[in-house]
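In case you want the letters, here they are:
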Amino acid sequence: MSSNSSSVHSSPSPLFLSSSLPLRHSLSLSVFRTHSAMDMNLFILSVFLVFARGQAQLKVSLFPGFPPHRLYVADEVTLRCKDGDTVHNNDVKWYKDGVQLSDNIRNGKLEIAAATVSDSGRYTCESGGKRSDEVEITVLDMVPLASLSFLNRAKTVLGKGGVVLMELYVEEGLKDWWCRYTEGEGEKWLPILPEKWTNSNRSVVTHADVQHVGDRIFWCMNTKARPKEERPRSNTVKLTATEKMVMLQISQRPAWSGDTVSLSCDVWGGAHVDQAVFYKDGTEIKKDAPKDTVVISNVAKSDQGMYACNATYRFIHISKEALTHSSLPSDQQLLKVIDGPPMAHLDCEKLYCECQKCRDSDSYRWHYTPPGETRTVVLEESDYYISSKGAGTYTCSAKFEGIGQSRHSNECILKENESGGPSFIALLVVGLFVAGLLILLVTLLICRRLKNQMSGLERNIDEGVDNDYIQH
């Protein structure tokens, strides 16, 4: 017993080592105790986080991260069921307004390929016996006021690593606007510097590229506006990257019923296309001309499908005897056709704009493309008609202040001699000048006649006086 007791006392408790050991041992032990306490705190925190994650509430997340009350017709969006940062890919059930959905679900995600007003509603997801809170989604039957567009009618299907220029236009100014793009399952910011912008800046040009095979969706948004669910944003544009030499270009994806859609068979590197064959859902499309383009006028839902093309081409800009590459295929592209928002109508004789199906429209927006150019600018005019009518191409749209606008109207092309541009002004100036000359000539003629009459009267008076004097 005494031996045990002596052994215990010969091995002092760590709590008392500082009184019996040198100072350096005391400091070492102090550090040891501190590390032990930190390790214990980290252990408790990790256990808490694991427990909290296990108890986390499911939530419905939009991808891309659009404000849920600012979805527009034709938006492409995926709903994901998230548990913290984890996206559930299996055993996920989706509900809209309390009714379970069965269509358009892939890998646990609910895909909306082209949003319509009927997609508005309250969405929830369920997985692992847990159910998320409702997220209300509102799809607006209009087009965003802020516009994002490719310059110079750039192609939307590119070779891997391809780059195009695009322009963001915000009528109210660019302050607090940022642009994003999708990258795989995530999102990234475009390298632009909006902190330097003010509301006097209305447009900016930036580049967009595609580094990997697949799609990238680009859009811009006011990141400071409140409420967060209703932040203003632009339309989306999509770029597709391919490793194939032959690329099918579609002018509009998705297309709106009644529009004109063009399909062209393009070859990387600017090769000359000798012949192109187009296919819809695997069946060849019969066409007359031209050889590398198909135009679908007044597109309808019956035109919806998977399109592709084969091209026979040569690089004749390199050599006139260039080798012929025969019937190489493109990737397939989906052409989806939906009923778009209300469309404005433009009277080409008077340049009057109207939108009969637009409700609560308070003003109009005029879009103008100068002759020989591809870039469209927004005019300052906001009435249903415009006073300045220069030569060029015009379209208009009805505005819903702070929310969106209607579809662009039909195009009206004014030529120089048909417009109210410089020729009209010149005629007006010439007319005013001629009228001024006529008024001056008439005035001089009247003054001369009056002067002659006064001279004659003076002579008559003088003659009368002389005669009277002689008679007396």
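These notes cover the structure that comes with them. (Residues numbered from 1 in each chain as written. Predicted model: local features only at pLDDT ≥ 70, side-chain atom pairs only at ≥ 80, totals over all residues. Heavy atoms only, no water.)

1. Remarks on the overall build of the protein
- The number of helices and strands found in the protein is 4 helices and 37 strands.
- Of all 472 residues assigned to the protein, the portion counted as buried reaches 38%.
- Residue pairs in contact within the protein that sit at least 24 positions apart in sequence constitute 63% of those at least 6 positions apart.
- For the protein, the computed accessible surface area is about 28,400 Å², with 55% contributed by carbon and sulfur atoms. (Helix = DSSP H or I, 4+ residues; strand = E, 2+ residues; numbered from the N terminus. Buried < 20%, exposed > 50% of the residue type's maximum accessible area, 1.4 Å probe, protein only. Contact = heavy atoms within 4.5 Å. Areas by Shrake-Rupley, 256 points an atom, 1.4 Å probe, with all protein chains shown as cover.)

2. Regarding the state of the cysteines
- Counted under the stated rule, the structure contains 6 disulfides.
- Between Cys81 and Cys125 runs a disulfide, and the two sulfur atoms are separated by 2.1 Å. Of note, the bridge from Cys81 to Cys125 carries an S-S torsion of about 70 degrees and is right-handed in sense. Highlighted residues: Cys81 in strand E3 (residues 77-83) and Cys125 in strand E9 (residues 121-127), separated in sequence by 44 residues. (Disulfide = S-S within 2.5 Å.)

3. Looking at the sheet that holds strand E20 (residues 237-242)
- Taken together, 5 strands build an open sheet; the order of strands is E14-E20-E19-E16-E17 and the sheet is mixed. Edge positions in the open sheet fall to strand E14 (157-159) and strand E17 (186-189), since each of these has one partner strand only. Averaged over all pairs of adjacent strands, the angle between their axes in this sheet comes to 30 degrees, without regard to strand direction.
- In the sheet, strand E16 (residues 177-183) pairs with strand E19 (residues 214-222) via 5 bridges, with the strands oriented antiparallel. Bridge assignment links Arg180 to a residue of E19, and that residue is Trp219. (Pairing = 2+ DSSP bridges. Axes fitted to C-alpha atoms, helices over the stretch in contact; angles between N-to-C directions.)

4. Observations regarding the environment of Arg359
- Looking at the secondary structure, you find Arg359 in the loop between strand E32 (352-354) and strand E33 (363-369).
- Judged by its relative accessible area of 69%, Arg359 is exposed.

5. Quick word on the pattern of salt bridges
- Applying the stated rule across the entire model yields 23 salt bridges.
- Here Glu183 makes a salt bridge to Arg216, at a shortest N to O gap of 2.5 Å. Residue Glu183 is found in strand E16, and its partner Arg216 is found in strand E19; the two are separated by 33 residues along the sequence. The exposure classification of Glu183 matches that of Arg216, with both residues buried.
- With a closest N to O distance of 2.7 Å, Arg407 and Asp259 form a salt bridge. Of this pair, Arg407 sits in the loop between strand E36 (404-405) and strand E37 (412-414) while Asp259 is found in the loop between strand E22 (255-256) and strand E23 (261-267), placing the two residues 148 residues apart along the sequence.
- Overall, Arg407 belongs to the buried group, its relative accessible area being 7%.
- On the basis of relative accessibility, which here comes to 16%, the residue Asp259 falls in the buried class.
- One network of salt bridges, with partners in common, ties together Glu76, Asp215 and Lys238. (Salt bridge = Lys/Arg side-chain N within 4 Å of Asp/Glu carboxyl O.)

6. Looking at the packing of aromatic side chains
- Applying the stated criterion across every chain, the model contains 8 aromatic pairs.
- Look at Trp178 and Trp189: their rings are 5.4 Å apart centre to centre, the planes differ by 70 degrees, and that puts the pair in the edge-to-face class. Remark: Trp189 occurs in strand E17 and Trp178 occurs in strand E16; sequence separation between them is 11 residues.
- Since its relative accessible area comes to 43%, Trp189 is described here as partly exposed.
- One aromatic cluster is present, formed by Tyr352, Tyr384 and Tyr385 through successive ring pairs.
- In this structure, Arg180 packs its charged tip against the face of Trp189, placed 4.1 Å from the ring centre.
- One Lys or Arg, Arg233, reaches over the ring of Phe66 and ends 4.0 Å from the middle of that ring. (Phe/Tyr/Trp six-rings, centres within 6.5 Å; stacked < 30°, edge-to-face > 60°. Lys NZ or Arg CZ within 6 Å of the ring centre and 35° of its normal.)

7. Re the side chain of Gln333
- In this fold, Gln333 is placed in strand E29 (residues 333-335).
- With sequence-adjacent residues up to four places away left out, Gln333 is seen in contact with Val157, Thr240, Leu248, Ile250, Arg253, Gly305, Met306 and Tyr307.

8. Considering the sheet that holds strand E26 (residues 293-296)
- The strand order E21-E23-E26 describes an open sheet built from 3 strands, whose pairing is antiparallel. Each end of this open sheet is capped by a strand with a single partner; those strands are strand E21 (246-250) and E26. Each strand of the sheet is rotated relative to its neighbour by a mean of 15 degrees, with strand direction disregarded.
- As paired elements, E21 and E23 share 5 bridges and run antiparallel to each other. Its bridge partner being in E23, Ile250 is matched across the sheet by Leu263.

9. What to know about a nonpolar patch on the surface
- A surface patch of nonpolar side chains, about 690 Å² in accessible area, is lined by Phe433, Val434, Leu437, Leu438, Leu440, Leu441 and Leu444.
- Mapped onto the elements of the fold, Leu440 is located in helix H4 (residues 422-471). (Patch = residues over 30% accessible without salt bridge, like charges linked within 9 Å, V, L, I, M, F, W, Y side chains within 5 Å.)

10. Observations concerning the pairing of E33
- Across the 7 residues that make up E33, a large majority, 7, are buried.
- Here E33 shows a buried face lined by Ser363, Arg365, His367 and Thr369 and a second buried face lined by Tyr364, Trp366 and Tyr368.
- Of the strand pairs in this sheet, E33 and strand E35 (residues 392-400) are connected by 7 bridges, and their pairing is antiparallel. Following the sheet pairing, Ser363 is matched in E35 by Lys399.
- In terms of strand pairing, E33 meets strand E34 (residues 377-378) through 2 bridges, oriented antiparallel.

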